[in-house]
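Here's the letter readout for the chains.
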Amino acid sequence: MAGLKQGDGKRVVVIGGGIIGCLTALYLHRLGASPVILEKGKTGRESSWAGAGILCPIHPWLYPDSFTHLIDDSLARYPDLNDMLLELTGMDIEWRNNGLLIPFFSDDCIHHRDQALAWSERFGWPVEELDSTQTCEHEPSISASVNGALLWPEVGQVRNPRLLAAVRKALEICNVAVQEQTEVVALEKHADGAICGVRLAGGKSIAADAILLAAGSWSGELAQQIGLILPVEPVKGQIVLLKDTPGMVNHIIKHDDAYLVPRIDGHILVGASMERAGFQRGTSDDVVSRLLESTWRMMPGLKGADIAQQWMGFRPGTPDGMPYLGPVDEHPGLWVATGHYRNGVALAPGTAELMSRWIMGKPPQLDMFDFRINRPLQTSSAVGFPGSL
Ligand SMILES: Cc1cc2nc3c(=O)[nH]c(=O)nc-3n(C[C@H](O)[C@H](O)[C@H](O)COP(=O)(O)OP(=O)(O)OC[C@H]3O[C@@H](n4cnc5c(N)ncnc54)[C@H](O)[C@@H]3O)c2cc1C
């Protein structure tokens with residue numbers, strides 16, 4: 001078996017070069033390990049590239065408390081991540097706190113309003129209730145039929161392609177090994193079940209002290225080969241990118257069928273469908289039309305905006321909406337960080353921090369029970385898989 005020739009530290013193979021794999025590898029390097037990222041395509045081109053970069057779950061009050069603790073821990077690490085990437089690479093990931101606004105209109109009422117307010121108070125997330133006049137002052141292009149809104153002024157965002165490019169550059173600067181176009185086809189194990197390496201397409205094997213499975217939507221397939229049930233499935237999301245003048249939309253705006261994420265340069269990202277349709281690539285006209293119609297109902301002023309681009313990505317979905325994080329007890333040497341579903345960018349710094357330290361022998365301070373690999377299969381209709389299309 002060809003061993004890794006990276007350095008003297010613990011040899012860790014990271015399967016998958018999305019934000020979870022790349023950032024964890026960077027942090028492992030910082031802790032003195034010798035990680036190598038194996039990526040079947042190009043790094044940071046799947047879900048992590050495609051996402052909207054909202055740094056807050058869509059409806060955080062629908063998750064267990066442990067999830068909020070994980071999110072809070074991760075978001076608290078964004079300022080340092082931003083500074084580190086800027087200093088190391090000179091690249092701006094466009095991390096900024098422009099707030100999240102959930103409007104409600106005359107023909108509906110904000111869902112979960114009481115739950116949202118109670119959750120915000122309990123976890124110390126500043127929130128303001130706005131009447132219709134205040135909502136229009138905050139968002140001048142919003143429909144005149146708006147009744148009011150909830151505003152979380154400290155919710156932030158990043159621009160995914162820039163985040164991924166900066167992390168990729170940081171890996172390069174730190175000489176972390178990244179092998180693209182390198183597909184892992186099997187996990188290799190000893191007779192006692194311990195995982196000792198991976199086999200690549202083409203037959204070559206790579207030995208390692210630890211293997212981190214961070215293959216996003218594809219993680220379940222690899223796990224299955226060693227009899228490990230990891231119910232991670234692709235949940236496709238389509239996005240439309242509009243181009244308007246900067247300032248047309250000020251906050252991240254979320255309503256029932258769509259959300260808007262305004263970038264600094266006037267681009268407005270409109271997302272996103274939730275489709276359980278396997279690994280079927282491509283965008284479809286009907287989904288794009290639905291997203292645009294929802295947008296125009298919310299913000300009629302955006303009718304004139306040009307469509308700059310449209311794309312899709314596969315969220316690594318889980319039945320209960322929660323990631324799988326930690327060691328696999330039956331297979332020593334194997335670690336899992338996947339299933340981040342709709343929240344992988346928000347959860348990335350926290351995941352990278354805790355997984356890198358854990359692999360290096362320092363168990364997390366947070367209670368990880370709800371994220372364990374062998375938890376019973378539980379579905380949540382609120383935050384888990386959508387119905388099949
Ligand atoms: C439309 C959309 C909107 C989203 N919006 C948000 C948001 O606003 N906020 C937020 O926090 N999250 C959001 N997400 C979710 C977030 O993007 C994901 O949770 C996150 O990117 C998952 O990262 P990952 O590294 O696990 O997966 P990925 O980015 O998919 O990376 C996995 C990588 O593993 C590689 N791989 C797979 N199998 C193998 C193999 N056998 N060998 C080698 N390599 C392999 C793949 O090629 C891929 O590059 C959104 C996602 C989508 C699609």
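Residues numbered from 1 in each chain as written. Predicted model: local features only at pLDDT ≥ 70, side-chain atom pairs only at ≥ 80, totals over all residues. Heavy atoms only, no water.

### Thoughts on the domain arrangement of the protein chain
For step 1, the next point in the chain: Domain parsing of the protein chain yields domain 1 (11-90 + 160-231 + 319-371) and domain 2 (100-154 + 233-317).
For step 2, the next point in the chain: Tallying the contact residues gives 30 residues for domain 1 and 31 residues for domain 2.
For step 3, the next point in the chain: Here domain 1 and domain 2 share an interface that buries about 2700 Å² over both sides, 65% of which is from carbon and sulfur atoms.
For step 4, the next point in the chain: Three residues, Trp 61, Ser 217 and Tyr 341, lead the burial of domain 1 against domain 2; their summed loss comes to 27% of the area buried on that side.
For step 5, the next point in the chain: Residue Asp 65 pairs with Arg 122 through a salt bridge whose shortest N-O separation is 2.9 Å. (Domains from an automatic or database assignment. Contact = heavy atoms within 4.5 Å. Buried area = accessible area lost by both parts, 1.4 Å probe. Salt bridge = Lys/Arg side-chain N within 4 Å of Asp/Glu carboxyl O.)

### With respect to helix 4 (residues 78-89)
For step 1, the next point in the chain: Compared with an ideal rise of 1.5 Å per residue, which puts twelve residues at 16 Å, helix 4 spans 16 Å between its outermost C-alpha atoms and is within 8% of the ideal.
For step 2, the next point in the chain: Where helix 4 is concerned, the buried positions are Tyr 78, Leu 81, Asn 82, Leu 85 and Thr 89. Each buried residue of helix 4 lies within a common arc of 100 degrees when the element is viewed along its axis, so the set occupies one face. In helix 4, the exposed positions that point more than 90 degrees away from the buried face belong to Asp 80 and Glu 87. (Helix = DSSP H or I, 4+ residues; strand = E, 2+ residues; numbered from the N terminus. Expected span 1.5 Å × (residues − 1). Buried < 20%, exposed > 50% of the residue type's maximum accessible area, 1.4 Å probe, protein only. Arc of directions from axis to C-beta.)

### Focus on the pairing of strand 6 (residues 146-152)
For step 1, the next point in the chain: Counting buried positions over the seven residues of strand 6 gives six, a clear majority of the element.
For step 2, the next point in the chain: Here six bridges tie strand 4 (residues 100-105) to strand 6, and the two strands are oriented antiparallel to one another. Paired with Leu 100 across the bridge in strand 6 is Trp 152.
For step 3, the next point in the chain: Two strands pair when backbone bridges link them, and strand 5 (residues 128-131) and strand 6 are joined in this way by four bridges, in the antiparallel orientation. Within strand 6, the position partnered with Leu 130 by the bridge is Ala 149. (Pairing = 2+ DSSP bridges.)

### Thoughts on the layout of surface pockets
For step 1, the next point in the chain: Considering only enclosed or pocket space, the second largest pocket measures out at about 550 Å³ in volume.
For step 2, the next point in the chain: No other element matches helix 9 (residues 285-298), which puts six residues into the lining of the second largest pocket.
For step 3, the next point in the chain: Residue classes in the lining of the second largest pocket are distributed as 15 nonpolar, six polar and eight charged.
For step 4, the next point in the chain: Counting contributing residues, the lining of the second largest pocket receives three or more from each of domain 1 (11-90 + 160-231 + 319-371) and domain 2 (100-154 + 233-317). (1 Å grid on protein atoms, 1.4 Å probe; cavity = no way out; pocket = protein on both sides within 12 Å on 5 of 7 lines; lining within 4 Å. Points joined across faces, edges and corners; volume = space filled by probe spheres on them. Nonpolar A, V, L, I, M, F, W, Y, C, P; charged D, E, K, R; others polar.)

### Details of the nonpolar core
For step 1, the next point in the chain: Core analysis: the biggest nonpolar cluster contains 74 residues, and Tyr 78, Trp 125, Trp 152, Leu 163, Leu 171 and Tyr 259 have the highest contact counts within it.
For step 2, the next point in the chain: The dominant element in this core, judged by the number of residues it contributes, is helix 1 (residues 19-30), at eight residues.
For step 3, the next point in the chain: Summarising the domain contributions, this core has at least three residues from each of domain 1 (11-90 + 160-231 + 319-371) and domain 2 (100-154 + 233-317).
For step 4, the next point in the chain: If sequence neighbours within four positions are ignored, Tyr 78 has contacts with Leu 55, Ile 93, Trp 95, Val 158, Leu 163, Val 345, Ala 346 and Pro 349.
For step 5, the next point in the chain: With 28 residues, the next largest nonpolar core counts Ala 215, Leu 222, Leu 230 and Phe 314 among its residues. (Core = buried A, V, L, I, M, F, W, Y, C linked by side-chain atoms within 4.5 Å.)

### Some remarks on the environment of His 340
For step 1, the next point in the chain: Here His 340 shows up in the loop between strand 19 (334-338) and helix 10 (348-359).
For step 2, the next point in the chain: The spacing of His 340 and Ala 214 is 126 residues in sequence and 9.9 Å in space, taken between C-alpha atoms.
For step 3, the next point in the chain: Among all residues touching His 340, those that are not within four sequence positions of it are Ile 20, Pro 316, Pro 323, Leu 325, Leu 347 and Thr 351.

### Examining the sheet that holds strand 19
For step 1, the next point in the chain: Spatial ordering of the open sheet is given by 8-2-1-12-19-18, a layout of six strands whose pairing is mixed. The two strands at the open ends of the sheet, each matched to only one other strand, are strand 8 (177-179) and strand 18 (324-327). Pairwise comparison of adjacent strand axes, ignoring direction, gives a mean angle of 20 degrees for this sheet.
For step 2, the next point in the chain: Of the strand pairs in this sheet, strand 1 (residues 11-15) and strand 12 (residues 210-213) are connected by four bridges, and their pairing is parallel. Across the sheet, residue Ile 15 finds its bridge partner in strand 12, namely Leu 213.
For step 3, the next point in the chain: Packed on one face of the sheet, helix 1 meets strand 1, strand 2 (34-38), strand 12 and strand 19 and runs near 165 degrees to strand 2. (Axes fitted to C-alpha atoms, helices over the stretch in contact; angles between N-to-C directions.)

### Some details on the pairing of strand 19
For step 1, the next point in the chain: Taking burial as the measure, the five residues of strand 19 include five buried ones, the bulk of the element.
For step 2, the next point in the chain: In strand 19, alternate side chains face the same way, and those of Leu 334, Val 336 and Thr 338 on one face and Trp 335 and Ala 337 on the other are all buried.
For step 3, the next point in the chain: The sheet contact formed by strand 12 and strand 19 spans three bridges and is parallel. Residue pairing across strands places Leu 212 opposite Trp 335, the latter belonging to strand 19.
For step 4, the next point in the chain: Alignment of strand 18 against strand 19, held across four bridges, turns out to be antiparallel. Opposite Gly 326, over in strand 19, you have Val 336 as the bridge partner.
For step 5, the next point in the chain: Connecting strand 18 to the next strand, strand 19, in antiparallel fashion are six residues, including Gly 333 with a positive phi near 100 degrees.

### Considerations on the confidence of the model for the protein chain
For step 1, the next point in the chain: Per-residue pLDDT for the protein chain averages 93, and the proportion of residues at 70 or more is 96%.
For step 2, the next point in the chain: Confidence drops under a pLDDT of 50 for residues 1-7, and excluding neighbours within four residues, the segment shows 22 contacts in the predicted structure. (pLDDT = per-residue confidence, 0-100.)

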